[in-house]
Amino acid sequence: MQVLQLLISGIAQGCIYGLIALGFVLIYKATETVSFAQGDLMMVGAFGGLLTMTALGFPFWLSVLASVLGMALFGVVLERLVIRPILGQPAFSIVMLTIGIGYVLRGVVTMIPGIGTDTHTLPVPYAGQTLRAGALVISAEQAVVIVVTAALCALLYAMFRYTKLGIAMQAASQNQLAAYYMGIPVQRINGLVWGLAAGVAALAGLLLAPITFVHANMGFIGLKAFPAAVVGGFGSLPGAIVGGLVIGVVEALAGFYLPEGFKDIAPYLAVLLMLMFKPNGLFGEKLRKKV
């Protein structure tokens, strides 16, 4: 029963990693670059939920909707004003730009008087509640994370499979030049992808906040979501979720059964093993480059 309890905890945490990793994969598939600002976009989304609930008095569900939509719009604007002008430059330049965006977002939040330097509790209606199944105890926070992640995955699957927008995103991610010649507005699609990634990151922040509180440094969890994207296969959306679950479970088991300190390095050990034995990840495509 103890193992099952650890697995539930690891799955819930892995869902958070998976949602952030989804942002990594979406942006990589659209622009062939990596955005290290995902963790900090998650943090800004969590603060957005906190402010709309406490300062504006929004009910929880309306606050979630407003925060996710607001961050999605922010992602679209960010891509248009900051990312798009530098596309075509070496990938290293774009990576450094996204790291800089993360630092700027963290700095701006920290400078907000009475908010940015403190740790806050997100007042969710299900806080402190538990679900029992025999001897197994599941916190409502963990159950909500798992259920919402599953629902979001189903929605994304339906969007990419059955909607024109989703099919256009897939086409643009596979070959932007061919998609452009077929009449697909590639630049607009890229902006929507950044908006979608930012919205998913905000949702991850709102799901994580009741478990770990809201603070300016919560975005550092993105450093553990990156291994999730690598383990799942950096070009695979299902792989991002599966990779997140793998990292979450490995971290939970390592934190309980192994000496102190192993919990923090377990995700990176998993990545090293994956790169040694399956460099493309669990669901990554095998690509060969002729030289």
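Numbering of residues begins from 1 in every chain and follows the order in which that chain's sequence is written. The predicted nature of this model means local features are confined to residues of pLDDT at least 70 and side-chain atom pairs, given and counted, to a pLDDT of 80 or more, with totals for whole chains, interfaces and linings taken over all residues. To get the side-chain values, all heavy atoms of the structure are used, and hydrogens and water are removed first.

Draft legend 1. Fine view of the overall build of the protein. Helical segments are the DSSP runs of H or I of at least four residues, strand segments are the runs of E of at least two, and each set is numbered from the N terminus. Along the protein, the regular secondary structure elements total eleven helices and two strands. Its helices and strands in sequence order give the protein the pattern α-α-α-α-β-β-α-α-α-α-α-α-α, from N to C terminus. We compute the radius of gyration over the C-alpha atoms and compare it with the globule rule, which gives 2.2 Å times the number of residues raised to the power 0.38. Against the 2.2 N^0.38 benchmark of 19 Å for 291 residues, the protein shows a C-alpha radius of gyration of 19 Å, consistent with a compact globule. Here the protein holds 291 residues, and the buried ones make up 48% of them. Whether two residues are in contact is decided by their heavy atoms, any of which lying within 4.5 Å being enough. Relative to all contacts within the protein whose residues are 6 or more apart in sequence, the contacts with residues 24 or more apart total 73%. For accessible areas, the Shrake-Rupley method is used with a probe of radius 1.4 Å. Any residue's cover is judged against the shown protein chains and nothing else. About 14,800 Å² of surface is accessible on the protein, with carbon and sulfur atoms providing 69% of the total. A positive count includes Lys and Arg, and a negative count includes Asp and Glu. His and the chain ends are not counted in either. A single reference atom marks each charge: NZ on Lys, CZ on Arg, CG on Asp, CD on Glu. The average position of the 15 basic charges and that of the 9 acidic charges among the side chains of the protein differ by 15 Å. Burial classes: relative accessible area under 20% of the type maximum marks a residue as buried, over 50% as exposed, and values in between as partly exposed (1.4 Å probe, protein chains only).

Draft legend 2. Examining helix H11 (residues 262-277) more closely. What a helix should span is 1.5 Å times the count of its residues minus one. With 16 residues, H11 extends 21 Å between its outermost C-alpha atoms, agreeing within 8% with the 22 Å of an ideal straight helix rising 1.5 Å per residue. Restricting attention to buried positions, one finds in H11 the residues Ala266, Pro267, Ala270, Val271 and Met274. Packed against the buried residues of H11 are helix H9 (222-232) and helix H10 (237-257).

Draft legend 3. Structural context of the pattern of salt bridges. What makes a salt bridge here is a side-chain nitrogen of Lys or Arg within 4 Å of a carboxyl oxygen of Asp or Glu, nothing more. Evaluation of the coordinates by the stated rule reveals four salt bridges. Glu251 is the salt-bridge partner of Lys224, the closest N and O atoms lying 2.6 Å from each other. Here Lys224 is found in helix H9, whereas its partner Glu251 is found in helix H10, with 27 residues between them in sequence. Glu251 matches Lys224 in its accessibility class, with the two residues each being buried.

Draft legend 4. A look at unusual backbone geometry. Of note, the phi angle at Phe213 is positive, near 75 degrees, even though the residue is not glycine. With respect to the helices and strands, Phe213 occurs in the loop between helix H8 (186-212) and H9.

Draft legend 5. How the structure looks around the side chain of Ser63. One can find Ser63 in helix H3 (residues 60-83). In this view, Ser63 contacts Gly49, Thr52, Met53 and Phe58; residues no more than four positions away in its chain are not counted.

Draft legend 6. Main features of the confidence of the model for the protein. Every residue carries a pLDDT, the predictor's confidence in it, which falls somewhere between 0 and 100. Considering every residue of the protein, the mean pLDDT works out to 88; 97% of them sit at 70 or more. Here strand E1 (residues 130-133) stands out as the least confident element of the protein, with mean pLDDT 82; H3 is the most confident, with 94.

Draft legend 7. A nonpolar patch on the surface, seen in detail. Patch rule: a residue counts if its relative accessible area is over 30% and it has no salt bridge; like charges are joined within 9 Å, and nonpolar side chains (Val, Leu, Ile, Met, Phe, Trp, Tyr) within 5 Å. Taken together, Val3, Phe256, Tyr257, Leu258, Phe262, Ile265, Leu269 and Leu272 make up a surface patch of nonpolar side chains, about 730 Å² in accessible area. Counting only elements with at least two residues in the nonpolar patch, the list comes to H10 and H11. With four residues, H11 is the largest single contributor of residues to the nonpolar patch. With respect to the element layout, Phe262 can be found in helix H11. Judged by relative accessible area, which is 33%, Phe262 ranks as partly exposed.

Draft legend 8. Structural detail: H9. Of all the eleven residues making up H9, nine are buried; the element is thus mostly covered by neighbouring parts of the structure. Those residues of H9 that fall on the buried side of the exposure criterion are Gly222, Lys224, Ala225, Pro227, Ala228, Ala229, Val230, Val231 and Gly232. On its buried side, H9 packs onto helix H1 (2-31), helix H2 (38-54), H10 and H11. Within two residues after H9, Gly233 carries a phi angle of roughly 110 degrees, on the positive side.

Draft legend 9. Up close: the nonpolar core. In this structure, Ile20, Leu22, Met42, Leu122 and Val214 are the most contacted members of the largest nonpolar core, which totals 78 residues. Among residues more than four places away in sequence, those in contact with Ile20 are Gln38, Met42, Ala204, Ile221, Gly222 and Ala225. To qualify as a nonpolar core, a set must consist of buried Ala, Val, Leu, Ile, Met, Phe, Trp, Tyr and Cys residues joined through side-chain atoms within 4.5 Å.

Draft legend 10. Representation of the UniProt feature "transmembrane region" (unreviewed entry) in the protein in the model. UniProt positions are given in the numbering used here, feature names are shortened, and annotations may be inferred rather than shown by experiment. Here the UniProt feature "transmembrane region" (unreviewed entry) sits at residues 6-28, 40-58, 64-82, 94-115, 135-160, 192-216, 236-258 and 265-283. For residues 6-28, the end-to-end C-alpha separation is 32 Å, with 100% helix and 0% strand making up the annotated structure. Across residues 135-160 one finds 81% helix and 15% strand; the C-alpha atoms that close the span lie 40 Å apart.

Draft legend 11. Representation of the pairing of strand E2 (residues 136-139). In the sheet, E1 pairs with E2 via four bridges, with the strands oriented antiparallel. Of the residues in E2, the one forming a bridge with Ala133 is Leu136. The pairing criterion for strands is at least two bridges between them, as found by DSSP.

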